[in-house]
Amino acid sequence: MRRPQRADARRNFDALLAAARDAFAANGTEASLEDIARRAGVGIGTLYRNFPTRRDLFEAVYVEEVNQLGEVAAAVASLPPWEALTAWLKRFVAYAVTKRAIIEALNRESEMFAVCRRTMYDAGEPLLERAQKEGIVRPDLTFDDLLRMVSGLTSGAYVDDAQRDRVVALALDGLRRF
């Protein structure tokens, strides 16, 4: 789904994506579309103009989350290797929460899903490789291993986000070579 060109339409589109991401993370795929429109400060007609079906909204949220992973990778690339990798992984944790909320509504065999996976790997894999080349992270770790580990850790129930973040940080420290 392409972003609208007019500034006001683009703001509405972005507000809908942010509201949908939050609503899906909180309420799953059954989140109310009317509530999403209200959270975004637009009418339900604006939501349907941008996203004719619920599936269109799911896909747009998912693609936006993956694109943000790429933006974060570019933004942190100049940091020291460990800081860059962990900064990117913090954003990945937020992505994992949203993904978990909408994954059953997405076709994992679709071209969109395959493109998003490649985009995610292109963003994060160089950060891991750089940390490994610097001798900061275990050399036997693959990027797929790392994503599965963090995804698994984020799938559990936690008292709050701070507890989840502590658990993820503990696991990441286990990957370091001191």
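Residues numbered from 1 in each chain as written. Predicted model: local features only at pLDDT ≥ 70, side-chain atom pairs only at ≥ 80, totals over all residues. Heavy atoms only, no water.

Colleague: How would you explain the nonpolar core if you had to name every residue and give the values?
Modeller: Counting residues in hydrophobic clusters, the biggest one holds 57 residues, and the most contacted among them are F24, I36, Y62, W88, F92 and L146. Those elements that place two or more of their residues in this core are α1 (7-27), α2 (33-40), α4 (54-76), α5 (81-102), α6 (111-133), α7 (143-154) and α8 (161-173). The dominant element in this core, judged by the number of residues it contributes, is α5, at eleven residues. With sequence-adjacent residues up to four places away left out, I36 is seen in contact with L16, A19, A20, A23, F24, A31, L47 and L57. (Core = buried A, V, L, I, M, F, W, Y, C linked by side-chain atoms within 4.5 Å. Buried < 20%, exposed > 50% of the residue type's maximum accessible area, 1.4 Å probe, protein only. Helix = DSSP H or I, 4+ residues; strand = E, 2+ residues; numbered from the N terminus. Contact = heavy atoms within 4.5 Å.)

Colleague: So what's going on with the packing of α5 against α8? Which residues, and what values?
Modeller: Each packed pair of helices is defined by two parameters, the angle between the axes and the distance between the axes. At a minimum axis distance of 12 Å, the contact between α5 and α8 shows a crossing angle of 135 degrees. Classified by the angle between their axes, α5 and α8 sit oblique to one another. In terms of crossing hand, the pair formed by α5 and α8 is right-handed. Judged by residue contacts, W82, T86, L89, V93 and V97 of α5 engage R164, V168, L172 and D173 from α8. (Axes fitted to C-alpha atoms, helices over the stretch in contact; angles between N-to-C directions. Parallel < 35°, antiparallel > 145°, perpendicular 65-115°, else oblique. Left-handed = near helix turned anticlockwise from the far one by under 90°.)

Colleague: So what's going on with the side chain of T86? Residues and values would help.
Modeller: Looking at where T86 falls in the secondary structure, it is placed in helix α5. Engagement of the side chain of T86 in a polar contact is seen with the backbone oxygen of E83, the distance being 3.3 Å. (Polar contact = N/O pair within 3.5 Å; in protein donor to acceptor, adjacent residues only side chain to side chain.)

Colleague: Please give an account of the pattern of salt bridges that cites residues and values.
Modeller: One pass over the full model with this rule turns up 14 salt bridges. Ionic pairing is found between R6 and D8, a salt bridge with its closest N-O pair at 2.9 Å. A salt bridge links E65 to R21; the nearest nitrogen and oxygen atoms lie 3.7 Å apart. Of this pair, E65 sits in helix α4 while R21 sits in helix α1, and the two are 44 residues apart along the sequence. (Salt bridge = Lys/Arg side-chain N within 4 Å of Asp/Glu carboxyl O.)

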